[in-house]
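# Architecture at a glance
Chain by chain, the residues run as shown.
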Amino acid sequence: MTDRPIIDIRNAAKSYGSLEVLKDISLQVKRGQIVAIIGPSGSGKSTLLRAINDLDPLTSGEVWLEDTQVNKKLPTRQYEAHINAVRQNIGMVFQHFNLFPHLNVRDNITLAPKMLKGLSKAEADQLAVEQLNKVGLLDRIDYYPSQLSGGQKQRVAIARALAMKPKVMLFDEATSALDPELVEEVNLVMKQLAEEHMTMIIVTHEMGFAQDVCDRVLFMDQGVVVEEGPPEVIFKAPANDRTKNFLRKHLKGQN
Amino acid sequence: MGLDFSVVPPFAAALLTGALWTIAITASAAVLSFFGGILFAVIALYAPLFIKLPFRLFAWLFMGTPLLLQLFLIYFGLIQIGIDLPAFVAGVIGLGLHYTVYNSDIIQSGIRAVDTGQYEAARTLGLSRIQALRKIIVPQAVRSVIPPIGNNMIALLKDSALVSVIGVAELTLSSQMAISRTFRPFEFYVAAAACYYVINLGLEAGLRRIERRIQIAR
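A quick note: this is a predicted structure, and the numbers were derived from the prediction, not measured.

## Description of a positive patch on the surface
- Positive charge collects at one region of the surface, where B:Arg208, B:Arg209, B:Arg212 and B:Arg213 lie side by side.
- For B:Arg213, the location among the structural elements is in helix H9 (residues 185-216).

## Some points on helix H3 (residues 105-117) of chain A
- Counted at 1.5 Å a residue, the expected span for H3(A) with its 13 residues is 18 Å, and the 19 Å between its end C-alpha atoms agrees.
- Roughly 30° is the biggest bend found in H3(A), and it falls at A:Leu111, with proline A:Pro113 one to four residues downstream.
- What H3(A) keeps buried is the set A:Val105, A:Arg106, A:Asn108, A:Ile109, A:Thr110, A:Leu111, A:Ala112 and A:Pro113.
- In this structure, the buried side of H3(A) is in contact with helix H4 (121-134) and helix H5 (150-162) of chain A together with helix H5 (116-125) and helix H6 (129-144) of chain B.
- Where H3(A) begins, one side-chain oxygen reaches toward the backbone nitrogen of A:Arg106, 3.2 Å away; that side chain belongs to A:Asn104.
- Remark: A:Gly118 follows H3(A) within two positions and exhibits a positive phi of approximately 65°.

## Quick look at the confidence of the model for chain A
- Of the residues in chain A, 97% reach a pLDDT of 70 or more, and the chain-wide mean stands at 94.
- By mean pLDDT, the top-scoring element of chain A is strand E6 (residues 90-93) of chain A (98), and the lowest-scoring one is helix H9 (residues 241-251) of chain A (89).

## Quick look at the environment of A:Thr243
Residue and element names in this part refer to chain A.
- As for its position among the elements, Thr243 is in helix H9.
- Once the C-alpha coordinates of Thr243 and Ile38 are considered, the two residues, 205 residues apart in sequence, prove to be 9.7 Å apart.
- Other than its neighbours up to four places away in sequence, Thr243 contacts Phe219, Val226, Glu227, Ile234 and Pro238.

## Considering the packing of aromatic side chains
- Under the defined criterion, the tally for this structure stands at 10 aromatic pairs over all chains.
- Aromatic pair A:Phe219 and A:Phe246: ring centres 5.1 Å apart, planes at 40°, arrangement tilted. With a gap of 27 residues between them, A:Phe219 in strand E9 (residues 216-221) and A:Phe246 in helix H9 connect regions that are remote in the sequence. Neither A:Phe219 nor A:Phe246 differs from the other in exposure class; each is buried.
- Note on B:Phe40 and B:Phe55: the rings are 4.9 Å apart at their centroids and 85° apart in plane angle, and the pair reads as edge-to-face. With B:Phe40 in helix H1 (residues 12-46) and B:Phe55 in helix H2 (residues 49-64), this pair connects stretches of sequence that are 15 residues apart.
- By relative accessible area, which is 11% here, B:Phe40 ends up buried.
- The exposure class assigned to B:Phe55 is partly exposed, which follows from its relative accessible area of 28%.

## Overview of unusual backbone geometry
- Of note in the backbone geometry, A:Lys165 takes a positive phi value of approximately 50° without being a glycine.
- Relative to the helices and strands, A:Lys165 is located in the loop between H5 and strand E7 (168-172).

## Considering the pairing of strand E4 (residues 60-65) of chain A
Residues and elements named next belong to chain A.
- Where strand E1 (residues 5-16) lies against E4, 5 bridges are found, and the strand directions are antiparallel. Bridging from a neighbouring strand, Arg10 pairs with Glu62 of E4.
- The sheet contact formed by E4 and strand E5 (residues 68-69) spans 2 bridges and is antiparallel. Residue pairing in the sheet places Leu65 in a bridge with Thr68 of E5.

## Here we look at empty space enclosed by the protein
- What the rule picks out here adds up to 3 cavities of 30 Å³ or more.
- Quantified by volume, the largest cavity comes out at close to 50 Å³.
- Looking at the largest cavity, the residues that line it are A:Met92, A:Phe94, A:Arg160, A:Ala161, B:Ala121, B:Thr124 and B:Leu125.
- Of all the secondary-structure elements, those providing two or more residues to the lining of the largest cavity are H5 of chain A together with H5 of chain B.
- Top contributing element to the lining of the largest cavity by residue count: H5(B), with 3 residues.
- In terms of residue class, the lining of the largest cavity is made up of 5 nonpolar, 1 polar and 1 charged.

Rules of the game
Residues numbered from 1 in each chain as written. Chains lettered and ligands numbered in written order. Predicted model: local features only at pLDDT ≥ 70, side-chain atom pairs only at ≥ 80, totals over all residues. Heavy atoms only, no water. Patch = residues over 30% accessible without salt bridge, like charges linked within 9 Å, V, L, I, M, F, W, Y side chains within 5 Å. Areas by Shrake-Rupley, 256 points an atom, 1.4 Å probe, with all protein chains shown as cover. Salt bridge = Lys/Arg side-chain N within 4 Å of Asp/Glu carboxyl O. Lys, Arg positive; Asp, Glu negative; His and termini not counted. Charge placed at Lys NZ, Arg CZ, Asp CG, Glu CD. Helix = DSSP H or I, 4+ residues; strand = E, 2+ residues; numbered from the N terminus. Expected span 1.5 Å × (residues − 1). Bend = angle between axes of the 7 residues up to and from the residue. Buried < 20%, exposed > 50% of the residue type's maximum accessible area, 1.4 Å probe, protein only. Contact = heavy atoms within 4.5 Å. Polar contact = N/O pair within 3.5 Å; in protein donor to acceptor, adjacent residues only side chain to side chain. pLDDT = per-residue confidence, 0-100. Phe/Tyr/Trp six-rings, centres within 6.5 Å; stacked < 30°, edge-to-face > 60°. Pairing = 2+ DSSP bridges. 1 Å grid on protein atoms, 1.4 Å probe; cavity = no way out; pocket = protein on both sides within 12 Å on 5 of 7 lines; lining within 4 Å. Points joined across faces, edges and corners; volume = space filled by probe spheres on them. Nonpolar A, V, L, I, M, F, W, Y, C, P; charged D, E, K, R; others polar.

Structure below.
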């Protein structure tokens, strides 16, 4: 059981017309693993991440969450029911937070558990308290998103995703839109999740964070996984010239 | 013959009753056109073509023809096919549907303006299309278009005078009845105008309150 991948991407390909954004990518992620996907913009890393919950459907290939095929071919109505059920197990955090601005922090977190899991208001409120405690924002429970800083918004967005008790968390450049001084608070929350052995797939530009936290690093360029391995290898001794070039540009300026 | 506003007070009760009918018909049509506008907007944006088309035709007919004619058609015309509506109901339906079409246009643009990330975030949590629309997209769209919808509601209040022609004893018809008894059109039309103005002030104050509350809540 521990050997079975929790996420299994088989021969994923995607193209827009003649433009191939993903070319035959396979990736297996085991339970508790933390995988970073790095690469230049336009390399397909976000597209790959968004294929995992079928937000950007693949042109061909399969995505599996444990023993369920995520991108199963089904008639529209059946597919809707299927994907809505699957997505409850896959948390996602976006670059621009995408908190619901008309709802306060509590309602942002409790909306989906109440609607989809039938939690009572009291149970859902308790859940919101737990999740906000985890991200250190319990005192903001009655605030609206517009009253929070970027870092706080992203921490609430993480709490909102966690409230669905997902099996996997996807992070799509979760800190890219933040002011530099706010990045750390979000990174800390993600590190804490890592310590709790949450399975995470993280698209990031932060090489330092990828190096510290992740078990595996994938370097993507032009729709293919150019190189992958443990962070020590990818960052310290990359084999491929494209990886070397990319890292040279990106590690400069950091520290 | 000079003006003499002392003819008005004896008819105060009749005018007040008329004003209450004006408020009732405006409020009913406003509620109908608000929820109708949301329904029409969602259909126009998301429904399959075979549902969309009849609604589009309907919208085009209601926008392209005079409201007065629509009221005549609903009240006098529908009787011929066996639908005999009370004047008040016919008035609410006519005004309500007419403004449904205008509100729908505004709400559609409000829906389009909601960031796609909102829809994605909702779907990612596992919400269905309908749930995402109902809980995330439409509430935000409606909040963003409250000011233009409010303008429509002010226009609706003034257009409610048209239902006097199908015999709803609202403010305009009440003042006309007073005129036919006293032959004092100037005094009673001014009195009626003053009443409309006061109702309008109340409506505007209500709209401002709604706008303020929504401003706080985001």
